[in-house]
Amino acid sequence: MALGDPEAFTFYGWVVCIWVLVVSFQYGFHISSLNQISDVLTCQVTEPGLPSTYYGLPTCISMDNPTFSVLTSIYTVGGLLGSIGANVVMDRWGRKGACLASAFIMAVGAGFMSVAASLSPLVIGRLLTGVAAGLGLCVGPIYISEIAPTKIKGAVGVLTQFAIVIGIMITQAMGLQLATPRTWRLVLLFSSALSLAQLIVGPIIVESPVWLNRHGLLADKDASVRRLWKVGHAVRSPDVASEDAEDPLLGSEHESLNPNRGADSHGPAVAVPQVLLRSEFRKPLAIVCFSMLCQQLSGVNAVLYYSNNILSKALPDLGPYVSLGITIVNFFMTAAPIFLIDRLGRKKLLSLSATGSIVSLLAVGFGLDSGAVVLASVAIISFIASFAIGIGPVPFVMIPEVSPPQAVSALSSVGLSLNWVANFLVGLVFLPLRDFLSHGDASKEGRVFFVFAAFLAFFTFMLFSLYRG
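Treat the numbers as computed from the prediction; the structure is a model and nothing was measured.

Q: How would you sum up the overall build of the protein chain? Please name residues and give values.
A: Within the protein chain, the regular secondary structure consists of 19 helices and two strands. Each of the 469 residues in the protein chain was classed as buried or not, and the buried ones make up 56%. A fraction of 81% describes how many contacts in the protein chain between residues 6 or more apart in sequence connect residues 24 or more apart.

Shown next as structure tokens:
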């Protein structure tokens, strides 16, 4: 491409960026969409004298706790399915096409849940929202990286995690106000309406310049670049590979992994089996996988599971607002990497984040085992803050940066599939592992957090042995 590195989005470029971030917002939204409304949804909380139906729909859907757990966890199953097939959708229909597919499935899934009159459509809708989230979580970071001006690529990449956190915060805030038999469906209807709006806006959104270049659509690529970026002169592509895709952060070593990078920018996309089997992809594959394992095996979901219980004891009058308060802390700390990632670098942020997280996990475990509720409470807040500045957002930035251009979709699919699997396994084994390590003694339940600290230390070490940042 006949231009220097772009330094800023146009106004239209920011519109496209926000449009893409909706898929990440929806992922975060549905992580917590059932948490605040669970009691009214499952008929555990009712209003005396209220009819059993409201606008022709039941005011609640009766189910026991194990059934509700299945309903909640089916989201992870859908996410895994969406991630597994994401690379095919991204490479065949483009980044924009994958976002539209995610929005369509999300609109249908959330719509099903919002009008469900029984358990079956609720489960189907929850599964579909998971599929949409899995697909969206794969395409979002890649799309964002490929449209971001080079000078602010890291900061814009962090917006993926920022959108996820905003989604969690919004659904918790809505749940506090709408957790009534008459209004709980509005939480789910909002999500469906947002995806419908994304579909409506879709026709004015441009495709990723990198994807267009890879498919030889150079005129369309140039038109896309002119609309996305502020450039000082005319843009015209020569009949050679463009420089749209920034060199990965693997440095000079990456040349040996992908010596024909210029040719690969127009070459066929690599499928998942090839990524798993071919030696030139082993290093980027390992980096992506270790970064995902750092994120999930840090025990962040386990800490969040305990946070309500612990902080509610420390702040008994603010019990209903504990989850929202933690999410607000997460929100502000996730904002920090937007300004720091391009100044400090990816590896330094990860190092600071992992160190703070490991120390905090050890403190949570010690606080629980010693009955020091205040220490455990402070450590939980410290862990969330440490996680938010690095381990949370940076892996999403890393995937498109360390991936060879012809393999970015497949590596994203593998990495995010592993993320979903690890997420599911942590949720599956957390309580049995806690009970096994504590031998049923409530005063020893903190031991499980020492295990997560060890996992995080090990996978951080493995990641840093490969990733040069």
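Q: Can you tell me about the side chain of R95, naming the residues and giving the values?
A: Here R95 lies in helix α3 (residues 65-114). Judged by its relative accessible area of 1%, R95 is buried. Among the polar contacts listed, one links the side chain of R95 to the side chain of S409, at a separation of 3.1 Å. Residues in contact with R95, not counting those within four places in the same chain, are M90, V139, I142, Y143, E146, E207, S208, W211, V408 and S409.

Q: If you had to explain the state of the cysteines to someone new, which residues and values would you point to?
A: In the structure shown here, the tally under the stated rule is one disulfide. With its sulfur 2.0 Å from that of its partner, C43 forms a disulfide with C60. The sign of the 100° torsion about the S-S bond sets the C43-C60 disulfide as right-handed. Of this pair, C43 sits in the loop between α2 (38-41) and β1 (53-54) while C60 sits in the loop between β2 (57-58) and α3, placing them 17 residues apart in sequence. Take C43: its relative accessible area is 24%, and that puts it in the partly exposed class. With a relative accessible area of 18%, C60 lands in the buried category.

Q: Explain the packing of aromatic side chains to me, using residue names and the numbers behind them.
A: In this structure the tally under the stated criterion is 14 aromatic pairs. Of the aromatic side chains, those joined through ring pairs into one cluster are F290, F455, F458 and F459. Cation over ring: R92 sits above W93, and NZ or CZ is 5.7 Å from the ring centre. One residue, R227, lies across the ring of Y12, its end atom 4.0 Å from the ring centre.

Q: Explain the nonpolar core residue by residue, including any values.
A: Ranked by size, the top nonpolar core spans 112 residues in total, and within it V16, C17, L122, L361, F449, F452 and L463 carry the most contacts. Grouped together as the second largest cluster of nonpolar side chains are ten residues, L285, A407, L411 and V414 included.

Q: Give me α3: which residues, what numbers.
A: If you check α3, its first and last C-alpha atoms are just 20 Å apart, much less than what 50 residues at 1.5 Å a residue would give, namely 74 Å. Along α3, the sharpest change in direction is near 120° and occurs at W93.

Q: How would you summarise helix α16 (residues 373-389) if you had to cite specific residues and measurements?
A: In this model α16 runs 25 Å from its N-terminal to its C-terminal C-alpha over 17 residues, within 8% of the 24 Å that 1.5 Å per residue would give. Looking only at α16, the buried set comprises A376, S377, A379, I380, F383, I384, A385, S386, F387, A388 and I389.

Q: Quick one: what's the story with the environment of V22, residue by residue and with numbers?
A: Looking at the element boundaries, V22 is found in helix α1 (residues 11-31). Note on V22: relative accessible area 15%, which makes it buried. In contact with V22, not counting residues within four places along its chain, are L194 and Q198.

Q: Would you mind going over the environment of A107 in detail, with residue names and values included?
A: The topology assignment puts A107 in helix α3. In contact with A107, other than residues within four places in its own chain, are S192, S195 and L196.

Q: Quick rundown of the packing of α1 against helix α5 (residues 153-178)? Include the residues and the values.
A: For any two helices packed against each other, one specifies the inter-axial angle together with the distance between the axes. It is the contact of α1 with α5, at a shortest axis distance of 7 Å, that shows an interaxial angle of 50°. The pairing of α1 with α5 is recorded here as oblique in orientation. Like other packed secondary-structure pairs, α1 and α5 cross with a definite hand, here right-handed. Residue-level inspection shows W14, C17, L21, S24, F25, Y27, G28, F29 and I31 of α1 in contact with α5, the latter providing V156, L159, T160, A163, I164, I166, G167, I168, I170, T171 and M174. Residues that form the contact of α1 with α5 fall into these classes: 15 nonpolar, five polar and no charged.

Q: I'd like a rundown of the confidence of the model for the protein chain, residues and numbers included.
A: Predicted confidence across the protein chain gives a mean pLDDT of 84, with 87% of residues reaching 70 or more. Below a pLDDT of 50 lies the segment residues 240-264, which in the model reaches 57 contacts outside its immediate sequence neighbourhood of four places, other chains included.

Q: So what about the packing of α5 against helix α14 (residues 322-344)? Which residues, and what values?
A: Running from N to C, α5 and α14 cross one another at 170°; their axes reach a closest spacing of 9 Å. The orientation of α5 with respect to α14, classified from their angle, is roughly antiparallel.

Q: Break down the environment of L57 for me, with residues and values.
A: Looking at where L57 falls in the secondary structure, it is placed in strand β2. Sequence separation of L57 and R185 is 128 residues, and the distance between their C-alpha atoms is 9.8 Å. Apart from the residues within four sequence positions on either side, L57 is in contact with S52, S114, V115 and R185.

Q: Give a description of the pattern of salt bridges that names residues and reports values.
A: Following the criterion strictly, the structure yields eight salt bridges and no others. A salt bridge links E146 to R95; its shortest N-O distance comes to 3.0 Å. On the criterion of sequence distance, the pair formed by E146 in helix α4 (residues 119-147) and R95 in helix α3 is long-range, its members being 51 residues apart. Each member of the pair, E146 as well as R95, carries the same accessibility label: buried. One salt-bridge network, held together by shared partners, links D91, R95 and E146.

Q: Let's hear about the side chain of S438: which residues, and what values?
A: Note on placement: S438 falls in helix α18 (residues 408-438). Relative accessible area serves as the criterion here: at 2%, S438 is assigned to the buried category. A polar atom in the side chain of S438 sits 2.9 Å from the backbone oxygen of R434. Each residue touching S438, except ones within four places of it in the same chain, is listed here: K444 and E445.

About the cut-offs
- Residues numbered from 1 in each chain as written.
- Predicted model: local features only at pLDDT ≥ 70, side-chain atom pairs only at ≥ 80, totals over all residues.
- Heavy atoms only, no water.
- Helix = DSSP H or I, 4+ residues; strand = E, 2+ residues; numbered from the N terminus.
- Buried < 20%, exposed > 50% of the residue type's maximum accessible area, 1.4 Å probe, protein only.
- Contact = heavy atoms within 4.5 Å.
- Polar contact = N/O pair within 3.5 Å; in protein donor to acceptor, adjacent residues only side chain to side chain.
- Disulfide = S-S within 2.5 Å.
- Phe/Tyr/Trp six-rings, centres within 6.5 Å; stacked < 30°, edge-to-face > 60°.
- Lys NZ or Arg CZ within 6 Å of the ring centre and 35° of its normal.
- Core = buried A, V, L, I, M, F, W, Y, C linked by side-chain atoms within 4.5 Å.
- Expected span 1.5 Å × (residues − 1).
- Bend = angle between axes of the 7 residues up to and from the residue.
- Axes fitted to C-alpha atoms, helices over the stretch in contact; angles between N-to-C directions.
- Parallel < 35°, antiparallel > 145°, perpendicular 65-115°, else oblique.
- Left-handed = near helix turned anticlockwise from the far one by under 90°.
- Nonpolar A, V, L, I, M, F, W, Y, C, P; charged D, E, K, R; others polar.
- pLDDT = per-residue confidence, 0-100.
- Salt bridge = Lys/Arg side-chain N within 4 Å of Asp/Glu carboxyl O.

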